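# Architecture and fold: a report
Residue-level listing of the chains:
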Amino acid sequence: MNSWIEALADLQQQGEPCVLVTIIEERGSTPRNAGSKMVVSRERLYDTIGGGHLEYKAQAIAREMLENRVRDTRLERFSLGASLGQCCGGATVLLFEPMGQPQAHIAVFGAGHVGRALVPLLASLPCKVRWIDSRESEFPAHIPAGVEKVVNDEVVDEVAEMPAGSYFIVMTHNHQLDLELTAAILERNDFTYYGLIGSKSKRAKFEHRLRDRGFQPDTVQRMRCPMGIAEVKGKLPVEIAVSIAGEVIATYNAHFGEKSGEKAADGAKPVPMLVPASRRSQNG
């Protein structure tokens, strides 16, 4: 069993969320002293706070926090008596600290000039990013830490690899590929955010083609195109990237505390209307 500090460093380097559990108070007889720690990931437990039913309950609380993507700390008091299946007779207070929980899982399709400006910005946010393109040569030599580079000739297949509640950003070199990616993403309809680079005229063409494929207007309406915050103007790649990153931040802050994949009563993933219908800027 790895020590908690080694485990925490390894998990953070891998970008895997976990919860650090610390005994912050002890009264009477307890299995371990205040300051003892353990780390709980979705699959494993590292180090110990004393074993027994106390540790079992702590694991259950930590994994519930991971499942619900909780980012706030939590305090829990336990009496170590018969109700907890322990005979120490003392009491302890545990601090649960979520670590490395990403605000968003993001798939960026396209390693062109805007993608190369955008991905480093997303990598600096509390996000887990998959950067996808069929062209190995388009990726820069240095991939930002925390970003997974994916080279796949069948780019559309990568849509299915993302978890429910993901963010999708499409900015490829090919409009037909953009359309196929859009259809695959809208077909899922379990995303938190979908942004397509392009102008209002591109949106109008895509809406027409998607209607011909049988997509309902309320589903198509969830597509952000043009994407980004309208007030952030400019056509330089970095200016467009800042606009898109700003919309991503606004979206995950609007969804703070929601469970990934959570749906509204009508079955649709709720998406806040962050951007006005009329936009003065265009991208792409």
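Structure first, text after, so check above.
Residues numbered from 1 in each chain as written. Predicted model: local features only at pLDDT ≥ 70, side-chain atom pairs only at ≥ 80, totals over all residues. Heavy atoms only, no water.

Let's shift gears to the sheet that holds strand 4 (residues 74-79). Pairing within the open sheet is antiparallel, and its five strands lie in the order 3-2-1-5-4. The strands lining the two open edges of the sheet, one partner per strand, are strand 3 (45-47) and strand 4. Adjacent strand axes in the sheet meet at a mean angle of 25 degrees, parallel and antiparallel pairs treated alike. Bridge count for strand 2 (residues 37-40) against strand 3 is three bridges, and the pairing is antiparallel. Paired with Met38 across the two strands is Asp47, which belongs to strand 3. Against the sheet, helix 1 (residues 4-14) touches strand 1 (18-27), strand 2, strand 3 and strand 5 (91-99), its axis set at about 30 degrees to strand 2. Along the sheet, helix 2 (residues 52-67) makes contact with strand 1, strand 2, strand 3, strand 4 and strand 5, crossing strand 5 at roughly 30 degrees. (Pairing = 2+ DSSP bridges. Helix = DSSP H or I, 4+ residues; strand = E, 2+ residues; numbered from the N terminus. Axes fitted to C-alpha atoms, helices over the stretch in contact; angles between N-to-C directions. Contact = heavy atoms within 4.5 Å.)

It is worth spelling out the pairing of strand 9 (residues 167-170) at this point. Alternating residues of strand 9 divide into Tyr167 and Ile169 and Phe168 and Val170, and every residue in both groups is buried. Bridging between strand 6 (residues 104-109) and strand 9 involves four bridges; their strand directions are parallel. Its bridge partner lying in strand 9, Phe109 is registered against Val170. Here strand 9 runs beside strand 10 (residues 193-196); their pairing, made up of four bridges, is parallel. Counterpart to Ile169 in the pairing with strand 10 is Gly195. Handedness of the β-α-β unit built from strand 9, helix 4 (residues 175-188) and strand 10 comes out right-handed. (Buried < 20%, exposed > 50% of the residue type's maximum accessible area, 1.4 Å probe, protein only. Right-handed = clockwise from strand over helix to strand, strands pointing away.)

By secondary structure assignment, the location of Pro140 is in the loop between strand 7 (127-133) and strand 8 (147-151). Once the C-alpha coordinates of Pro140 and Ala111 are considered, the two residues, 29 residues apart in sequence, prove to be 8.5 Å apart. Contacts of Pro140, omitting those with residues within four sequence positions, involve Arg116 and Trp131.

This model, assessed by the stated rule, comprises ten salt bridges. Ionic pairing is found between Lys202 and Asp178, a salt bridge with its closest N-O pair at 2.7 Å. Residue Lys202 is found in helix 5 (residues 200-212), and its partner Asp178 is found in helix 4; the two are separated by 24 residues along the sequence. By relative accessible area, which is 0% here, Asp178 ends up buried. (Salt bridge = Lys/Arg side-chain N within 4 Å of Asp/Glu carboxyl O.)

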